[in-house]
Amino acid sequence: FEQRFAWNERLLSQNLDNKSGSSATLIWGIRSADTGNRNDPSSGTTLELDNTFAPSSSDTQVYLLNICNSLFLSDFTRPISPDYECPLNLFDKWVKYQSSLPQPDQVYVDNCSGATMVPVPESTFNQCIIAYSKLMEDSRI
């Protein structure tokens, strides 16, 4: 078995499978901008926020919840690991779980206005998801 594994690792097809593709990160709420010196690539640029991006609206919450699963249905994409879950999907699971408990976490009680799932009420979405991300130490949100 060990020798077969070693031989398999040397096959070109296995190497290509292991190293093929590239990774991508989706970031919402950022504008495409180049504020650096165009004649000096080392000058860098600044981060430009898109003030029109409103993740708290119900439609946007539902879109962001569904986009990840839809993306991974494509032939040219796959999650970074077999157990990967998108951050907003994990948030949705947490809200559903907390809302089902007789005594939910105080973070949920203080910040989520009794939400039972995504979409969370627009008026408390930001504070709820920020509180969740701090509790879970999830910087992807």
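Whatever comes next refers back to the structure up there.
Right, let's walk through the structure included here. (Residues numbered from 1 in each chain as written. Predicted model: local features only at pLDDT ≥ 70, side-chain atom pairs only at ≥ 80, totals over all residues. Heavy atoms only, no water.)

## Quick look at the packing of aromatic side chains
Taken as a whole, this structure holds seven aromatic pairs when the rule is applied. Ring geometry for W28 versus Y63: centroids 6.1 Å apart, planes at 80°, classification edge-to-face. With W28 in the loop between α2 (12-19) and α3 (58-71) and Y63 in helix α3, this residue pair connects regions lying 35 residues apart in the sequence. Residue class for W28 comes out partly exposed when judged on its relative accessible area of 40%. Look at Y63 and you get partly exposed, because its relative accessible area is 45%. Measuring from centroid to centroid gives 6.4 Å for F91 and W94, while their planes differ by 25°, and the two rings are stacked. You can see F91 and its partner W94 sitting in helix α4 (residues 87-100), three residues apart, about one turn around the helix. (Phe/Tyr/Trp six-rings, centres within 6.5 Å; stacked < 30°, edge-to-face > 60°. Helix = DSSP H or I, 4+ residues; strand = E, 2+ residues; numbered from the N terminus. Buried < 20%, exposed > 50% of the residue type's maximum accessible area, 1.4 Å probe, protein only.)

## So, the pattern of salt bridges
When charged atoms on two side chains of opposite charge get close, those side chains can pair. A full pass over the atoms with the stated rule returns four salt bridges. A salt bridge links K93 to E85; its shortest N-O distance comes to 2.7 Å. We note a salt bridge from R140 to D138, for which the minimum N-O separation is 2.9 Å. The exposure class of R140 is partly exposed, given its relative accessible area of 44%. (Salt bridge = Lys/Arg side-chain N within 4 Å of Asp/Glu carboxyl O.)

## Thoughts on unusual backbone geometry
With an omega of 10°, the peptide bond between V118 and P119 qualifies as cis. Within the chain, S113 stands out as a residue other than glycine whose phi angle is a positive 50°. Within the fold, S113 resides in the loop between α5 (106-111) and α6 (125-136). Its identity is not glycine, yet E137 carries a phi of approximately 55°, on the positive side. Looking at where E137 falls in the secondary structure, it is placed in the segment after α6.

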